[in-house]
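Residue strings, one per chain:
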Amino acid sequence: MHHPFKVGFCFPKFLRRDKGESGTSHGVSVSEILAVRELDVDSGTKDDGRWQKMPQKSTEAYPYAFTVSYVERAWQHRWRCSDVTFHCLEGALCQQWVQTIREQLTALTSRPKHLLVYINPYGGKQQGERIYEQKVAPLFTLASISTHVIVTEHANHARDHLRTEAELKKYDGVVCVGGDGMFSEMVHGLVSRTQRDNGVDQNSPEEKLVPCTLRIGIIPAGSTDCICYATVGINDPVTSALHIIVGDAQAMDVCSVHHNNTFLRYSVSLLGYGFYGDVLADSERKRWMGPARYDFSGFKTFLTHHYYEGTVSFLPATDILGTPRDKTRCRAGYHQPLFLLPEYKGGWRVIRGKFLAINAASMSCACPRSPKGLSPAAHLADGTTDLILVRKCSRFNFLRHLLRHTSKYDQFDMTFVEVHRVRRFRFTPRYCQSDSELDLRENGKKLFSQICRDHPACSCSPAYSSWNCDGEILPHAAIEVG
Ligand SMILES: CCCCCCCCCCCCC/C=C/[C@@H](O)[C@H](COP(=O)(O)O)NC(=O)CCCCCCCCCCCCCCC
Ligand SMILES: Nc1ncnc2c1ncn2[C@@H]1O[C@H](COP(=O)(O)OP(=O)(O)O)[C@@H](O)[C@H]1O
Ligand SMILES: [Ca+2]
């Protein structure tokens, strides 16, 4: 992984005495230094037990020392904080090093100094507060970052606080400790506030959103954590904290979801109808199971094997480099795709059919369950979403398709699956005649029994599924996304 700004320090006149090495030179790039502190060698240091174990002779020989904490890359995209101590003979030289490093660190303007942190204490395995206090807060302190921490008291607490109350000018960024649902709350708070401040009407599907200037950091403490996993490459709180400290940034596509010119929600990861909608609807009733609720409901939904009829219309993204079938992977810090936007060539395409799943992935949606994700080649910030249509097929074939999300085999290379990179799309369920469409929740069940009476031979798939929008159920089946 590469940082755009990289100045290297070598420490030639110093002896590195930790880890049992003697006299080795050590290079650390400034962009990866977290903190530097001088050591009071004579009295030994309270916070570095290793020093006190050093033989007396070497303390006499090198009476001055400083410790640099830096990012060390570990296995599978993990980052860790590592310390290296340098020793020397002259106090003035030692101080000069410390001062120079501090100056260099201050010059890194992309690093945050003040952060506003929201913790969802009920996300995932309900470990949000513990994860923050034990793994993240000490690193922020080490890096001299000041924080204001809010533990949420109810759903949408963070969203509403960000939208109306928070004094955002005081902060360089906001941090969310939780899952995709919590991240989505923060996106809603910040994006809504930015549109309101800029006079953009959220209800108009045609209007372009004004990008937010504040960055959102994610400390994974949820059930799926796909937004963290897909951007960083792993769902690991320490790794995420270190990315936040060094000021890594990644732009992200945000889709708006509308129903009849009324704004419903924003989506950043998965919008799924059919399978993933049904899994979510069932799993919400089993929150007490924790993250395992998704496996339970996934298994149950797989067995139910419902398909849904409807019409998908979409505007293909024709003027881009790359397709959903590429072998490339997009992650923060790897490359920022620079695509030409957004002259629309070609028109809308319309596909009618019976679908087991309709998924729109604005990013790969990689997560521990599927390390390559729903759409492995999706880009994080290219203004497109990958629309995956899984048509009605046998249970056996659907299982083969699902299993391929966990292996190297291509989940799109199946006759009943198609994938399109699109700029906008619309979905209209069958049995939904007019614009004054029936409200899904009110009338879904009535309609279902009506349809079954009308079609006694049907396999009794209900008329409607629900949309799973980043882990939240949408109240309408007919939607427009752009
Ligand atoms: C047979 C194994 C098949 C494994 C297939 C795994 C595909 C997983 C792709 C997951 C994409 C997830 C996209 C992320 C969505 C999240 O925004 C959203 C919210 O997250 P949060 O709770 O952290 O706030 N999460 C979700 O909607 C959860 C979706 C989880 C789907 C799990 C599906 C498991 C399927 C198991 C099928 C089992 C069939 C077994 C038959 C013998
Ligand atoms: N204090 C709270 N009490 C109850 N629900 C909350 C609270 N804070 C946030 N939520 C809601 O909890 C839901 C799940 O949060 P999330 O962090 O995504 O965890 P998970 O990944 O387990 O779903 C979100 O819809 C969010 O709005
Ligand atoms: Ca995208």
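You'll find the chain entered in an unreviewed UniProt entry as Ceramide kinase, with Oncorhynchus mykiss given as the organism.

Peer 1: Could you clarify how one ought to interpret the overall build of the chain in this entry?
Peer 2: Secondary structure summary: the chain contains 12 helices and 20 strands in total. Within the chain, buried positions represent 55% of all 482 residues. For the chain, the share of sequence-separated contacts (at least 6 apart) that also reach a separation of at least 24 residues comes to 77%. For the chain, the accessible area works out to roughly 22,800 Å², and carbon and sulfur atoms hold 53% of it.

Peer 1: Quick question: what am I supposed to make of the site of ligand 1 here?
Peer 2: Inspection of the region around ligand 1 gives 26 residues, with D180, G181, T224, Y294 and N468 positioned closest. In this structure, G181 approaches ligand 1 through a main-chain N or O atom, which is 2.9 Å from an oxygen atom. Starting from 940 Å² of accessible surface for ligand 1 in isolation, the protein chains cover 88%. Of all the elements in the fold, those that place two or more residues in the shell around ligand 1 are α6 (180-197), α10 (292-304) and α11 (395-403).

Peer 1: Can you help me understand the pairing of strand β8 (residues 146-151) in this one?
Peer 2: Remark: a regular strand shows side chains that alternate across the two faces of the sheet. Across 6 bridges, strand β7 (residues 114-119) lies against β8 in parallel orientation. Bridge pairing links V117 to V149 in β8. In this view, the connection linking β7 to its parallel neighbour β8 by way of helix α4 (residues 128-142) has right-handed handedness.

Peer 1: Explanation requested: the domain arrangement of the chain in the structure shown.
Peer 2: One widely used convention gives an interface's size as the accessible area the parts lose upon coming together. Structurally, the chain comprises domain 1 (8-106), domain 2 (114-245) and domain 3 (255-481). Listed per partner, the contact involves 11 residues of domain 1 and 12 residues of domain 2. Together domain 1 and domain 2 conceal approximately 930 Å² of surface at their shared face, both sides included; 70% is due to carbon and sulfur atoms. Together, L34, H77 and W79 form the three largest contributors to the area buried by domain 1 at its contact with domain 2, with a combined 54%.

Peer 1: Hey, could you run me through the sheet that holds strand β10 (residues 215-220) in this one?
Peer 2: The pairing of strands in a sheet comes from backbone hydrogen bonds and takes either a parallel or an antiparallel form. Across the sheet, 4 strands lie side by side as β8-β7-β9-β10; this open sheet has parallel pairing. Single-partner strands in this sheet number two, and they are β8 and β10. Within the sheet, the average angular offset between the axes of one strand and its neighbour, ignoring direction, is 20 degrees. Pairing of β7 with strand β9 (residues 173-178) involves 5 bridges; the strand directions are parallel. Within β9, the position partnered with L116 by the bridge is V174. Contacts from α6 reach β7, β9 and β10 within the one sheet, and its direction differs from that of β9 by about 150 degrees.

Peer 1: What is the right way to look at the coordination of the calcium ion (ligand 3) in this model?
Peer 2: Expected angles at a metal are 109.5 degrees for tetrahedral coordination by four donors and either 90 or 180 degrees for octahedral coordination by six donors. All of the protein donors around the calcium ion (ligand 3) are D253 (OD), S362 (O), H379 (O), D382 (OD) and T384 (O); their distances to the metal are 2.3 to 2.7 Å. We note that the donor set of the calcium ion (ligand 3) lies within a single chain, spaced as D-x108-S-x16-H-x2-D-x1-T. On the criterion of sequence distance, the pair formed by D253 in the loop between α8 (237-245) and β11 (255-259) and D382 in the loop between β15 (349-361) and β16 (385-391) is long-range, its members being 129 residues apart. Residue classification places D253 among the buried positions, given a relative accessible area of 10%.

Peer 1: Help me understand the UniProt feature "domain: DAGKc" (unreviewed entry) in the chain in this model?
Peer 2: Under the UniProt annotation, "domain: DAGKc" (unreviewed entry) lies at residues 110-261. In residues 110-261, helix accounts for 38% and strand for 19%; the two terminal C-alpha atoms are 38 Å from one another.

Peer 1: Just checking my understanding: could you explain the packing of helix α5 (residues 157-165) against α6 for this structure?
Peer 2: Each pair of packed helices can be described by the angle between their axes along with the distance between the axes. Close contact between α5 and α6 brings their axes to 8 Å; oriented N to C, the two are set at 20 degrees. The pairing of α5 with α6 is recorded here as roughly parallel in orientation. The way α5 lies across α6 gives a crossing that is right-handed. Here H157, A158, R159, H161, L162, R163, T164 and E165 of α5 come into contact with α6, specifically with M182, E185, M186, H188, G189, L190, S192, R193 and R196. Tallied by class, residues from the contact of α5 with α6 come to 5 nonpolar, 6 polar and 6 charged.

Peer 1: It is not clear to me how the site of ligand 2 should be interpreted in this structure. Could you clarify?
Peer 2: In the neighbourhood of ligand 2, 20 residues make up the surrounding shell, with G124, G179, G181, E185 and S223 lying closest. A distance of 2.7 Å separates an oxygen atom of ligand 2 from a polar backbone atom of G179. Within the contact set of ligand 2, an oxygen atom lies 3.2 Å away from a backbone nitrogen or oxygen of M182. It is α6 that contributes the most residues to the shell around ligand 2, 4 residues altogether. Taken together, the residues that form the shell around ligand 2 break down as 4 nonpolar, 10 polar and 6 charged. For the shell around ligand 2, the domains that each give at least three residues are domain 2 (114-245) and domain 3 (255-481).

Peer 1: Looking at this model, I keep getting lost on helix α9 (residues 275-284). Mind explaining?
Peer 2: For the α-helix, the turn length of 3.6 residues means that residues three or four positions removed from each other point alike. Counting buried positions over the 10 residues of α9 gives 7, a clear majority of the element. For α9, the set of buried residues is F275, G277, D278, V279, L280, D282 and S283.

Peer 1: Before we go on, may I ask you to explain empty space enclosed by the protein in this structure?
Peer 2: Here the idea is plain: a probe the size of a water molecule rolls over the atoms and shows the empty space left. Enumeration according to the criterion identifies 3 cavities of 30 Å³ or more in this entry. Considered as a void within the structure, the largest cavity measures approximately 60 Å³ in volume. Elements with a contribution of two residues or more to the lining of the largest cavity: α9 and α10. Among the residues forming the lining of the largest cavity, the class breakdown is 5 nonpolar, 4 polar and 1 charged.

Peer 1: Any chance you could explain the pattern of salt bridges here in plain terms?
Peer 2: Pairs may arise between side chains of opposite charge once their charged atoms sit close together. Scanning the entire structure with this criterion turns up 19 salt bridges. Taking the shortest distance from any N to any O, the salt bridge between D83 and R37 comes out at 3.5 Å. Placement of D83 in strand β6 (residues 79-88) and of R37 in strand β4 (residues 33-39) is noted, with a sequence separation of 46 residues between them. Assessed through its relative accessible area of 21%, D83 is described here as partly exposed. We note a salt bridge from D410 to R325, for which the minimum N-O separation is 2.8 Å.

What counts, and where the lines are drawn
- Residues numbered from 1 in each chain as written.
- Chains lettered and ligands numbered in written order.
- Predicted model: local features only at pLDDT ≥ 70, side-chain atom pairs only at ≥ 80, totals over all residues.
- Heavy atoms only, no water.
- Helix = DSSP H or I, 4+ residues; strand = E, 2+ residues; numbered from the N terminus.
- Buried < 20%, exposed > 50% of the residue type's maximum accessible area, 1.4 Å probe, protein only.
- Contact = heavy atoms within 4.5 Å.
- Areas by Shrake-Rupley, 256 points an atom, 1.4 Å probe, with all protein chains shown as cover.
- Near = heavy atom within 4 Å.
- Polar contact = N/O pair within 3.5 Å; in protein donor to acceptor, adjacent residues only side chain to side chain.
- Pairing = 2+ DSSP bridges.
- Right-handed = clockwise from strand over helix to strand, strands pointing away.
- Domains from an automatic or database assignment.
- Buried area = accessible area lost by both parts, 1.4 Å probe.
- Axes fitted to C-alpha atoms, helices over the stretch in contact; angles between N-to-C directions.
- Donors = N, O, S within 2.8 Å, 3.2 Å for Na, K, Ca; no water.
- UniProt positions renumbered as here; feature names shortened; annotations may be inferred.
- Parallel < 35°, antiparallel > 145°, perpendicular 65-115°, else oblique.
- Left-handed = near helix turned anticlockwise from the far one by under 90°.
- Nonpolar A, V, L, I, M, F, W, Y, C, P; charged D, E, K, R; others polar.
- 1 Å grid on protein atoms, 1.4 Å probe; cavity = no way out; pocket = protein on both sides within 12 Å on 5 of 7 lines; lining within 4 Å.
- Points joined across faces, edges and corners; volume = space filled by probe spheres on them.
- Salt bridge = Lys/Arg side-chain N within 4 Å of Asp/Glu carboxyl O.

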